[in-house]
Structures are given as structure tokens and as C-alpha cells.
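# Geometric and topological summary
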Amino acid sequence: MTHSHSQILALPIITHNTEDELHGAKEYYDTHGQRCIFCDIVAHETVSKIRIVDENEQFIALTPYAPRFPYEEWLIPKRHSSNYESVDEDEVSSKKIIIQTKSLLTPRFL
Ligand SMILES: [Zn+2]
């Protein structure tokens, strides 16, 4: 890959990175009084406002602490949800809006 771009894939397997992320989230849950790491990230970033790229009522787009690659952004629902299958229609529309904005399509640090 010579340039940054986005891809959405549906795979019948769990990738190594996703497995690591799930393991880390479970470890955080077990060691932090059964707290969700992603909800804690949203709460922290909403207060600090350092890494927020864009947000709307239901989603926040942010650059993660210690990203794996340049311009990495995460799109996290503000309402706790363990999977995207539980996202309702309003949240799907909200996610479309935030993805379609310049925030997730244009490098923000040029
Ligand atoms: Zn959560």
C-alpha cells in the first residue's frame, strides 16, 4: 500500500488485529471494574477534545492515541454497543453522514 485509503471488508474470520483488540478490551473490562474501554475513550476524548476529528450526536471520529498508521481514524458510537448489528436506523444514517463528511476522507494534518 503506497497511500492511505479506506476499505471495508466482510470476512468469515477474525483477523489477528481484531482478536488482539477484543482481548485488550476484555482485559480492560476485567481490570477496570467492568468498564468498556471504548466508552471510556469516548468520554475521555469528549472532555479533552485533543484527538476529535469530527462528531455528531451519535458518533465520534477521532485519531487514536498511538495510531498504527498515518491518518488512522476510529469511528466509535457514543452509545455503548457490543456490535454494529444493534445499531438502529437513526444511528446508521448518522454514521453515513459522518463518513461522508470531509473528516474521514481527507487527511487532517496536511
Ligand atoms: Zn462501550
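Residues numbered from 1 in each chain as written. Predicted model: local features only at pLDDT ≥ 70, side-chain atom pairs only at ≥ 80, totals over all residues.

### Looking at the overall build of the protein chain
Under the convention used in this document: Note on conventions: DSSP H or I runs of at least 4 residues are helices, E runs of at least 2 residues are strands, and numbering of each starts at the N terminus. Here a residue counts as buried when 20 or more other C-beta atoms fall within 10 Å of its C-beta, as exposed when 12 or fewer do, and as partly exposed in between; the C-beta atoms come from the backbone.
For the protein chain, the helix and strand inventory stands at three helices and three strands. Starting at the N terminus and ending at the C terminus, the protein chain contains elements arranged as α-α-β-β-β-α. Looking at the protein chain as a whole, 5% of its 110 residues qualify as buried.

### What about the sheet that holds strand 2 (residues 59–62)?
Defined as follows: Pairs of strands are assigned from DSSP output, requiring at least two bridges between the strands. Only the stretch in contact is used when a helix axis is fitted, and all axes are lines through C-alpha atoms; the angle between N-to-C directions ranges over 0 to 180 degrees.
The antiparallel open sheet is built from three strands, whose spatial order is 1-2-3. In this open sheet, the two edge strands, each paired with only one partner strand, are strand 1 (52–55) and strand 3 (74–77). The mean inter-strand angle of the sheet, taken between neighbouring strand axes irrespective of direction, is 25°. For strand 2 and strand 3, the ladder comprises four bridges, and the chain directions are antiparallel. Counterpart to Ile 60 in the pairing with strand 3 is Ile 76.

### Some thoughts on the environment of Ser 81
We count it as follows: Contact criterion: two residues are in contact if their C-beta atoms, reconstructed from the backbone, are within 7 Å.
With respect to the helices and strands, Ser 81 occurs in the loop between strand 3 and helix 3 (89–100). According to the C-beta neighbour criterion, Ser 81 is partly exposed, with 16 such atoms within 10 Å. A C-alpha to C-alpha distance of 9.5 Å links Ser 81 and Phe 38, two positions 43 residues apart in sequence. If we ignore the near neighbours within four places in the chain, the residues touching Ser 81 are Ser 86 and Val 87.

### Remarks on helix 3
What counts is decided by this rule: In a helix, the anticipated span is given by 1.5 Å times the number of residues less one.
The end-to-end C-alpha distance of helix 3, which contains 12 residues, comes to 17 Å, matching closely the 16 Å that a straight helix rising 1.5 Å per residue would cover. Counting buried residues in helix 3 gives zero out of 12 residues, a small share hidden from the surface.

### Focus on the nonpolar core
Most often, soluble globular proteins have nonpolar side chains that are buried together. The condition is simple: Nonpolar cores are built from buried Ala, Val, Leu, Ile, Met, Phe, Trp, Tyr and Cys residues. These are joined into a set through C-beta atoms within 7 Å.
Listed in full, the five residues of the largest apolar core are Val 42, Phe 59, Ile 60, Ala 61 and Leu 62. It is strand 2 that contributes the most residues to this core, four residues altogether. Excluding residues that lie within four positions of it along the chain, Ile 60 makes contacts with Val 42, Glu 45, Thr 46, Ile 52, Glu 55, Ile 76 and Lys 78.

### Observations concerning the pairing of strand 2
Alternating residues of strand 2 divide into Phe 59 and Ala 61 and Ile 60 and Leu 62, and every residue in both groups is buried. Across three bridges, strand 1 lies against strand 2 in antiparallel orientation. Bridging across to strand 2, Glu 55 finds its partner in Ile 60. Linking strand 1 to strand 2, which pair antiparallel, is a turn of three residues.

### Thoughts on the confidence of the model for the protein chain
Operational definition: The quantity called pLDDT is the predictor's confidence in a given residue, expressed from 0 to 100.
With 86% of its residues at a pLDDT of at least 70, the protein chain reaches an overall mean of 83. Within the protein chain, the element-level pLDDT minimum falls on helix 3, averaging 74, and the maximum on helix 2 (residues 37–48), averaging 95.

### Describing the environment of Glu 27
As for its placement among the helices and strands, Glu 27 is situated in helix 1 (residues 16–31). Judged by the 11 C-beta atoms lying within 10 Å of it, Glu 27 is exposed.

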